[in-house]
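Notes for the structure review
Each chain, written out:
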Amino acid sequence: MNMRKRTRAVLGVVALTSAIALTLAGCSRGGGGDATAGAASPGITDDSITLGITTPLSGATAGPGTCTVAGVTAYFGAVNAAGGVTFGDGKTRKVDIKALDDAYDPQKAKANYDQLKDSVFAMTAGLGTPTNRAYREAAIADKVPQVLVMTGDPLFSNQQESPWQLGFVPIYQNEGEAFGKLLASSSGTHKVAILSQNDDYGEGYVEGFKEGINGASNVEVVKELTYEATDTSVDAQLTELAASGADVFFNAMSITPLVISSLQKAQQLNWLPSWFLPSNTSSPGAILQPGGATAFPGVYTVAFAQSASAPDFATSKDGEQFLADLKQYANYPDVPAFPHCIWSYQLGAVLQQAFEKMTAPTRDDFMTQLRSISGFQAPFMLEGTAVDTTKDGLPAVSSVLVQKYNGKGYATAKSFG
Amino acid sequence: MGTFIQLFVDGLSTGSIYAALALAIVLVNQATGLINFAQGGMAVLAAYVAWWCVSNGVPLILAILVSVLFSFALGAVIERYVMRRFERGDPDTAIVVTVGLLTLITGVCGWLWSYNNQQFPSLFPLDTVQVLGASISVRSIGTTIVIIAIMALLQALFIGTKFGLALRAVAVNPTSAAFSGLPVGRLLMAGWGLAAGLGAVAGALVAPQLTLTPGMMDNALVYALAAVILGGLSSPIGVVVAAWLIGVLENLAAVYIPFIGYDLKVAVPFVLIFVVLIVRPQGLFGRKAVVRV
């Protein structure tokens, strides 16, 4: 018996020691990207590079979340099929993507990041402000790039605060300001009603809009209300806003069903102002058609990319190729109702630009090269917009054009009205 | 005045959404003594079935009928093969099982039909009528009428029929009910089936307004539970009145009480519950449970 007990004790000590040794080994390996000069960072070999994504693939935001994975997967699927990316160090690598579901839950996003950080070269494309914020500090500490993320939060483009991050889509303020400037430059006088989401998203849009109309004597904000992202209805807000008699309505909303019901409610109240809608909740097919948007004198949004749900997109040569890639490489057979598929397809092209410039297979060099792209016309970018990663404080895309709905898709609006 | 009436009517319309779900919860509770957290998820699944039928060319009314039948069967099957294993045990366990079912059903909907928003056709036109300066949508009126009709039917079922009495007897004391010759198993299955069928009607009524997604009912479920507690678990009339009260008071408080506004309006129903439960623990219309010793 004694013998057996001792054996067990010895085995226990061995097991414990091995566990500690393994953990330590894991820590030293998982320390992140501070690889010594010349040595490759994790997630990159001579013939492949692996990118990590954490984004909502289930839950309320899964539609756009699935799209973010599909776009970049389609882009690199086609690139890999053509042989891969030739990096600046002369080696040709295939691009692998590991995508995990965070269901828009910050805690899951952080857990996904922890799971991915040692096996991927960089995190990218993830959708959502709270989820990207959840692992931002850890990524800085680990020196893991978290780049071209799909959030309009300006924090991710501030190099002092976020040295290992870069946003992709325009910050909320950029979009709001574009609306404000368009309105301020119009000839008539306007009364504006604003409904905004009660968080950074809504506040960013409103701040940008007010910046845009600053000093304009022909624009007056007559009523401002907010809603919570968890609300099932905004009928009461619309009733109150309609009573303000505004002729322009800025609906800074991120929840698809609420935008549709707002469009319907305004018509029921016989309130027919011009609408400003954020870029992520202005899809012609998913929102404007079911909402009956043609009843209003004008529905405006901002964009830097073509809309895949516009009727002439599918018949264009590039559009056809894009939809085929999406189907073949990303298992996404539908015409996307969300702009995120196109956006993440574009960010694939931006990543490729950075890869082609990289002379060392390190995360450090990647960040340097990624921040040196300017005047790049990614696929499907609207004329007059471009990728510019060189400006501190701004995301990769900060130039936007105001678009007006024409009953089917959007066309660039030179002036208001 | 126009604004006040508009807010009041909008509140009734939102309240009707909560009421539809709350009625299904009351029905399961009356038939089994349980609170079924999966009710919202089952309603969404039924709405998807109806939507799928419509997308394949079935007329809307027929599609809704199909979804009601499908739901009835689903409810009965869930009772027979899932819930029955937990019915004699700790009620808390059974409730946790319903929470698990909610997650499972939501996941299945997402897996089958994706998480994209789907446009569900409305039973009623999008037109509005003008009453005292307020625009009332025909859809709201229609929804409200259907809710009132269901409420009346349920009330009649529980109070006026032998079947309703048997359902209640089984819920209150299954052992005694079995001794007096009632087919407890079949009654429990019927109770779940009816509640699920009612949930299908709720799903079809609210899907056009909320647009169909797997999580469509998540927020509504919270308000429906609030209405159930406020109105009283045993009273169909009570929960409908409570749901309307919640919808209307929430709207009015947001606009007319500056301190509350749109930020705090979500707290209104819960403060209301707090106050009511202190004064009347059984809810506004509920019956007090009396135990004879």
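The model shown is predicted, which means the values in this text are computed figures rather than measured ones. (Residues numbered from 1 in each chain as written. Chains lettered and ligands numbered in written order. Predicted model: local features only at pLDDT ≥ 70, side-chain atom pairs only at ≥ 80, totals over all residues. Heavy atoms only, no water.)

1. Quick look at the sheet that holds strand β4 (residues 122-124) of chain A
Residues and elements named next belong to chain A. Strand order across the open sheet formed by six strands is β2-β3-β1-β4-β5-β6, with mixed pairing between neighbours. One side of each edge strand has no neighbouring strand; the edge strands of this open sheet are β2 (85-86) and β6 (165-167). In terms of strand pairing, β4 meets strand β5 (residues 146-149) through two bridges, oriented parallel. The residue bridging M123 from the neighbouring strand is Q146, located in β5. Lying over the sheet, helix α4 (residues 129-142) contacts β1 (48-55), β4, β5 and β6, oriented at roughly 150° with respect to β5. (Pairing = 2+ DSSP bridges. Helix = DSSP H or I, 4+ residues; strand = E, 2+ residues; numbered from the N terminus. Contact = heavy atoms within 4.5 Å. Axes fitted to C-alpha atoms, helices over the stretch in contact; angles between N-to-C directions.)

2. Some details on empty space enclosed by the protein
Enumeration over the complete set of coordinates arrives at three cavities of 30 Å³ or more. Size it by volume and the largest cavity reaches roughly 130 Å³. Along its surface, the largest cavity is lined by 14 residues, and A:D235, A:K265, A:Q268, B:R139 and B:Q209 are the ones closest to its centre. Secondary-structure elements contributing two or more residues to the lining of the largest cavity are α8 (256-268) of chain A together with α1 (2-32), α5 (138-160) and α8 (184-210) of chain B. (1 Å grid on protein atoms, 1.4 Å probe; cavity = no way out; pocket = protein on both sides within 12 Å on 5 of 7 lines; lining within 4 Å. Points joined across faces, edges and corners; volume = space filled by probe spheres on them.)

3. Regarding the confidence of the model for chain A
In the predicted model, chain A carries a mean pLDDT of 89, and the fraction of residues at 70 or more is 91%. In the predicted structure, residues 21-37 of chain A sits below a pLDDT of 50 and forms 14 contacts with residues beyond four places in sequence or in another chain. (pLDDT = per-residue confidence, 0-100.)

4. Let's talk about the packing of helix α10 (residues 317-330) of chain A against helix α11 (residues 340-357) of chain A
Residues and elements named next belong to chain A. Running from N to C, α10 and α11 cross one another at 90°; their axes reach a closest spacing of 12 Å. If you check the angle between α10 and α11, you find them roughly perpendicular. Facing F322, D325 and L326 of α10, the residues of α11 in contact are C341, I342 and Y345. Partitioned by chemical class, the residues of the contact of α10 with α11 number five nonpolar, no polar and one charged. (Parallel < 35°, antiparallel > 145°, perpendicular 65-115°, else oblique. Nonpolar A, V, L, I, M, F, W, Y, C, P; charged D, E, K, R; others polar.)

5. Description of the sheet that holds strand β8 (residues 219-227) of chain A
Residues and elements named next belong to chain A. Spatial ordering of the open sheet is given by β8-β7-β9-β10-β11-β14-β15, a layout of seven strands whose pairing is mixed. Single-partner strands in this sheet number two, and they are β8 and β15 (410-412). Pairs of neighbouring strands in the sheet enclose a mean axial angle of 25°, with direction left out of account. On top of the sheet, helix α6 (residues 200-213) reaches β7 (190-197), β8, β9 (248-252) and β10 (274-277); it is set at about 160° to β7, its chief contact. Its contacts with the sheet put α8 on β8, β9 and β10, and the angle it makes with β10 is roughly 175°.

6. Topic: the confidence of the model for chain B
Of all residues in chain B, 98% have pLDDT values of 70 or greater, and the mean over the chain is 87. Taken over the whole predicted complex, pTM reads 0.75, whereas the ipTM for its chain interfaces reads 0.71.

7. What to know about the nonpolar core
B:L23, B:M83, B:F120, B:L212, B:M216, B:M217 and B:V240 are the most contacted members of the largest nonpolar core, which has 82 residues in total. Those residues in contact with B:L23 that sit more than four places away from it in its chain are B:I147, B:I150, B:M151, B:L154, B:L198, B:P236, B:V239 and B:V240. Residues A:F76, A:V79, A:F313 and A:A349 belong to the second largest nonpolar core, which totals 58 residues. (Core = buried A, V, L, I, M, F, W, Y, C linked by side-chain atoms within 4.5 Å. Buried < 20%, exposed > 50% of the residue type's maximum accessible area, 1.4 Å probe, protein only.)

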